[in-house]
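Working through the structure, step by step
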Amino acid sequence: MAGIKVFGHAASVSTRRVLLTLHEKNLDFELVHVDLKDGEHKKEPFLSLNPFGKVPAFEDGDVKLFGMNIF
């Protein structure tokens, strides 16, 4: 399994930007699906990654990033 995890939804433009960047850099990553329709992004445990409840969130070991401008 990849050390880099992207928490988001594949239909999200912001998540796609992160995924494209990782793909262009030829980095291994795991997309952790966050179900926006069911409101997973507004509940724990996602809120512990991004207290604003927005996708995507990014985790690489001890490094955790969130927000619209991850990359």
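Coordinates for the structure precede this section.
Scope of this entry: the structure provided in the associated data block. The numbering scheme is per chain: residues are counted from 1 as the chain's sequence reads. Residues qualify for local features only when their pLDDT is at least 70, as the model is predicted, and side-chain atom pairs are given and counted only at 80 or more; totals for whole chains, interfaces and linings, by contrast, use all residues. Each side-chain value is derived from all of the structure's non-hydrogen atoms; neither hydrogens nor water enter the calculation.

1. Notes on the overall build of the protein
The secondary structure listing takes helices from DSSP runs of H or I that are at least 4 residues long and strands from runs of E that are at least 2 residues long, numbered from the N terminus. Counting its regular elements, the protein contains two helices and four strands. Traced from its N-terminal end to its C-terminal end, the protein shows the element sequence β-α-β-α-β-β. The globule rule used for comparison is 2.2 Å times the number of residues to the exponent 0.38, while the radius of gyration itself is calculated over C-alpha atoms. In terms of overall dimensions, the protein is globule-like: its C-alpha atoms have a radius of gyration of 11 Å, near the 11 Å expected for 71 residues. Along the longest, intermediate and shortest principal axes, the C-alpha atoms of the protein span 30 × 25 × 25 Å. A 1.4 Å probe rolled over the protein chains alone gives each residue an accessible area, and that area as a share of the maximum for its type sets the label: buried under 20%, exposed over 50%, partly exposed in between. When burial is assessed residue by residue, the protein has 34% of its 71 residues classed as buried. To measure how exposed things are, a 1.4 Å probe is used in the Shrake-Rupley method; for residues, cover is taken only from the protein chains shown. Looking at the protein as shown, the accessible area adds up to about 4,800 Å², and 56% of this sits on carbon and sulfur atoms. Positive and negative side-chain charges of the protein, numbering 9 and 10 respectively, have mean locations separated by a distance of 8 Å. A positive count includes Lys and Arg, and a negative count includes Asp and Glu. His and the chain ends are not counted in either. Here the site of a charge means atom NZ of a Lys, CZ of an Arg, CG of an Asp or CD of a Glu.

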